[in-house]
Amino acid sequence: MPHNLVIVESPAKAKTIEKFLGPDYTVLASFGHVRALPSKQGSVDIEKGFEPKYHVLPESKKHLDAIKKALKNADRLLLATDPDREGEAISWHLLAALGLDKKKPGIEIQRVVFHEITKDAVVHAVQNPRSIAIELVDAQQARSVLDYLVGFNLSPFLWKKIRYGLSAGRVQSVALRLVCEREKEIQAFIEQEYWSIAARLGVAPGQEFKAGLVDVGGKKLGKFDIPGEDIATGLKTALQSGSYRVARITKTEKKRNPSPPFTTSTLQQEASRKLGFSAKKTMSTAQRLYEGIDIGSEGTVGLITYMRTDSVNLSTQALTEAHDVISAAYGKEYALAKPRIFKTKTKNAQEAHEAIRPTYIAKTPAELKKFLSPDLYKLYELIWKRTVACQMAEALLDQTSVDITADLAVPSAAGPFAGAKRCGLRAAGTVIRFPGFMKLYIEGLDDQDEEKEGLLPAMTEGAALKLHEVLPEQHFTQPPPRYTEATLVKTLEEFGIGRPSTYASIMNTLVERKYARLDKKRFFPEDVGMVVSDLLVAHFSQYVDYNFTAGLEEELDQVSRGETQWKPLIKTFWEPFSALLKQKDGEVQKSDLTTEATDEKCPECGQPLVVKLGKRGKFIACSAFKEGCKYTRNVDQEGGEVAEPVLSDEKCEKCGQPMLIKDGRFGKYLACSGYPACKNIQPLIKPKSTGVVCPECKEGELTEKKSRFGKLFYSCNRYPQCKFALWDLPVERPCPKCGFPLLIKRTLKREGEFLKCPKEGCDFKEGGKEKI
């Protein structure tokens, strides 16, 4: 029988698929991309019509050699890389790297596509092969070349004008602009005081509820109509004299429908809200669920469909399975007579895939829990609940609105409301009559029923109510919130900027480049990020414009549909961009970006002080530093006064004196108050234990620390007696190949998260290959 060679991207996927296909098929992995544009100038030949000069990646050579060896015994080559543009391009690059991109390659070559790693899906794909879709390849080439031209021309510009090592990217810079502009909104925000007033009323003993003041003397209250405490107190006095009765009761039925099944973007958002996962962690965890998990007697199977998709569609088979599961678990009243169909709202939605769903909906999270790690279980449960809930009956809610009249015995004397003799209040409540899908899942609420707090006691129109208390409350308007990963992903998607599969790497780059930091899961721009963003907005406004970037995505979509050729698209972008870059190179001065004048004088030499941009952000320096004045201080130090050290609760372990919290070049630290007699200093934040025993001395424990430049590393807590250290997170698990007591966990952009043996000479590696 003819022998078939199947190429996939991941070794984990290769093992699963080979089991499905049988002895006539050999399945090998390419380990992701095999060719790419080298990270150097000249990788795109502009003079020759933007011809890309691809190179085989050094780490791919051994995998290509293995594939070439297997090809000698094969009659047919099946390219089964991922079912998206990037996967299509990897298949195309594979043929070029293997020398099979000729008209007569000497072997039958076919492309197979599946969106889930199950036996039925894989066998069906192999039985229905196709050719490589060159339009999808061209769209991916266009994206790569565009990103290269922006990155390798704009980044050196930033090096010259700000400092070496900075980067700019076609989508990354737009994401940075969003973060920085939000920060400016917050800085410019002026809070405004306003008050609200509620009354605690009772129908009968134990049946109390709150109603909010909505009108005074027939005038409807606006948000800022009670601007201060004096007017609020005047209204409180008037309301305390009132007699209250129910004026009108309005009951309405509200229907609530479930959210669509997950796309890449909505999965990242919901996993952030409900599980606290970063976008990067969500994608790597989803990759493992997709590629296959050993679930006992059935062996290794993919548990979810392909996790890079814009689609909200579900297959007929999945809809049938969901209906059966809902009927069995919740009853027929929770199942739908006809499937619910969703339409995508995403700009520039791509790929005719399914939504992200479990491959076997009948396999409940509880059933699979024993086979899954905690993170895998949490994400699978989230995907399973969302998928099943989207095909459950709508929820029915009874909403009740009660309008209450207060006749005031003492007319209002409060400013603009003086003389008012009647006020109106309103209470609202919701009762869940039939929970429907809400019994299983509610988006973004951590499975809590938001309506439970709004229950109202039974009332009749005209009934008198007893006043228990008048409750004025002070409020202040709040600035717009800083972006979380979830809200940044949502905003990028709403604008149609970038692809959801790239959002994780974009946000990771912002943090790694120190353009922004994540603090309590919110993005705070760093000084250098603000300077870079301001430069790009001021001088390259078109290229960091939200609509321009989204429009470019639509043009790339046109390439993928065969409506536009990719090289003319690149030319249209490049010619005005390169001309503007040359113009700005002569116009923009480094000093304009990295130096700001102040109205202060140097306390040491009397020359003007300036704000400078350094590696660790902005600082105050003397403008005469070139003439020899070395005066500097932190920006937040007023008038050069050094902040007084703060007494901490800790004692010096060397002399017993109290430890002081001081500010240094690298932040706050602990220093002994007995200085100079005792020179003991300690980090303010103590090293974090990993619980892993040091493999070198076998006495100490590896702890998480930060280097002077802020990079995490892991070292023995017996230092300096033991100097063992690692740059990567240690995992207490012996290497199965050489027996070394631990492994390390690494994450690379091309390969994703994997385990590796840190012992020199040992090449053990497990997991990896994530495209983000």
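So, a few notes on the structure that sits alongside this text. Note that the structure is a prediction, hence the values are computed from the model and not measured.

## Regarding the pairing of strand E30 (residues 712–716)
So, point 1. Of all the 5 residues making up E30, 4 are buried; the element is thus mostly covered by neighbouring parts of the structure.
So, point 2. By the bridge criterion, 5 bridges tie strand E29 (residues 701–706) to E30 in an arrangement that is antiparallel. Residue pairing for E30: Thr703 is matched across the bridge by Ser715.
So, point 3. Two strands pair when backbone bridges link them, and E30 and strand E31 (residues 725–726) are joined in this way by 2 bridges, in the antiparallel orientation. Within E31, the position partnered with Ser715 by the bridge is Ala725.

## Considering unusual backbone geometry
So, point 1. The omega torsion of the bond from Tyr719 to Pro720 falls at 10°, within 30 degrees of zero and hence cis.
So, point 2. Following the sequence through the fold, Pro720 ends up in the loop between E30 and E31.
So, point 3. Positive phi is not limited to glycine here, since Phe50 has a value of about 60°.
So, point 4. Residue placement: Phe50 occurs in the loop between strand E4 (44–45) and strand E5 (51–52).
So, point 5. Its relative accessible area of 6% is what places Phe50 among the buried residues.

## Some points on helix H13 (residues 485–495)
So, point 1. Glu485, Ala486, Leu488, Val489, Thr491, Leu492 and Glu493 are the residues of H13 that are buried.
So, point 2. In this fold, the buried residues of H13 make contact with helix H6 (172–188), helix H8 (264–275), helix H9 (279–291), helix H14 (500–512), strand E18 (516–519) and strand E19 (522–525).
So, point 3. Once H13 finishes, Gly496 follows within two positions and takes phi at roughly 80°, a positive value.

## A short note on the sheet that holds strand E34 (residues 752–756)
So, point 1. With antiparallel pairing, the 4 strands of this open sheet are ordered in space as E32-E33-E34-E35. The open sheet is flanked by strand E32 (729–731) and strand E35 (765–767), the only strands paired with a single partner. Each strand axis lies, on average, 35° off the axis of its neighbour in the sheet, ignoring direction.
So, point 2. As defined by bridge partners, E32 adjoins strand E33 (residues 743–748) across 3 bridges and the pair is classed as antiparallel. Paired with Pro730 across the strands is Ile744, a residue of E33.

## Quick word on the packing of H8 against H14
So, point 1. The geometry of H8 relative to H14 is characterised by a closest axis approach of 8 Å and an angle of 45° between their N-to-C directions. Judged by the angle between their axes, H8 and H14 are oblique. On the side of H8, the interface is formed by Thr264, Ser265 and Gln268, while H14 contributes Pro500, Ser501 and Tyr503.
So, point 2. Among the residues forming the contact of H8 with H14, the class breakdown is 2 nonpolar, 4 polar and no charged.

## Structural notes on helix H12 (residues 374–389)
So, point 1. The terminal C-alpha atoms of H12, which comprises 16 residues, lie 22 Å apart, in line with the 22 Å expected from a rise of 1.5 Å per residue.
So, point 2. Taken across its 16 residues, H12 has 12 buried, putting it largely inside the fold.
So, point 3. Where H12 is concerned, the buried positions are Leu376, Tyr377, Leu379, Tyr380, Leu382, Ile383, Trp384, Lys385, Arg386, Thr387, Val388 and Ala389.
So, point 4. Structurally, H12 contributes buried residues whose contacts are with H8, H9, strand E13 (293–294), helix H10 (316–330) and helix H11 (365–368).

## Some remarks on the environment of Pro38
So, point 1. Tracing the backbone shows Pro38 in the loop between strand E3 (35–36) and E4.
So, point 2. For the pair Pro38 and Val693, spaced 655 residues apart in sequence, the C-alpha separation works out to 41 Å.
So, point 3. Setting aside anything within four residues of it in sequence, one finds Pro38 in contact with Ser43, Lys53, His55 and Tyr148.

## Concerning the sheet that holds strand E2 (residues 25–29)
So, point 1. Strand order in the open sheet formed by 4 strands is E2-E1-E7-E8, with parallel pairing between adjacent strands. Edge positions in the sheet fall to E2 and strand E8 (108–111), since each of these pairs with one other strand and no more. For this sheet, the mean inter-axis angle between neighbouring strands, taken without regard to orientation, is 20°.
So, point 2. Bridge analysis of strand E1 (residues 4–8) against strand E7 (residues 76–79) gives 4 bridges, and the strand direction is parallel. Opposite Val6, over in E7, you have Leu78 as the bridge partner.

## Observations regarding the packing of aromatic side chains
So, point 1. Per the counting criterion, the structure on display carries 16 aromatic pairs.
So, point 2. Ring geometry for Tyr543 and Phe577: centres 5.0 Å apart, planes at 75°, overall edge-to-face. With Tyr543 in the loop between helix H15 (527–539) and helix H16 (546–560) and Phe577 in helix H17 (residues 566–587), this residue pair connects regions lying 34 residues apart in the sequence.
So, point 3. Among the residues examined, Phe577 registers a relative accessible area of 1% and is labelled buried.
So, point 4. By way of ring pairs, the aromatic residues Tyr543, Phe548, Phe573, Trp574 and Phe577 are connected into one cluster.
So, point 5. Over the ring of Phe277 we find Lys281, and its NZ or CZ is 4.4 Å from the ring centre.
So, point 6. If you follow Lys765 out to its NZ or CZ, it ends over the ring of Phe754, 4.5 Å from the centre.

Procedures and definitions
Residues numbered from 1 in each chain as written. Predicted model: local features only at pLDDT ≥ 70, side-chain atom pairs only at ≥ 80, totals over all residues. Heavy atoms only, no water. Buried < 20%, exposed > 50% of the residue type's maximum accessible area, 1.4 Å probe, protein only. Helix = DSSP H or I, 4+ residues; strand = E, 2+ residues; numbered from the N terminus. Pairing = 2+ DSSP bridges. Contact = heavy atoms within 4.5 Å. Axes fitted to C-alpha atoms, helices over the stretch in contact; angles between N-to-C directions. Parallel < 35°, antiparallel > 145°, perpendicular 65-115°, else oblique. Nonpolar A, V, L, I, M, F, W, Y, C, P; charged D, E, K, R; others polar. Expected span 1.5 Å × (residues − 1). Phe/Tyr/Trp six-rings, centres within 6.5 Å; stacked < 30°, edge-to-face > 60°. Lys NZ or Arg CZ within 6 Å of the ring centre and 35° of its normal.

By themselves, these figures tell us nothing about what the structure is for.
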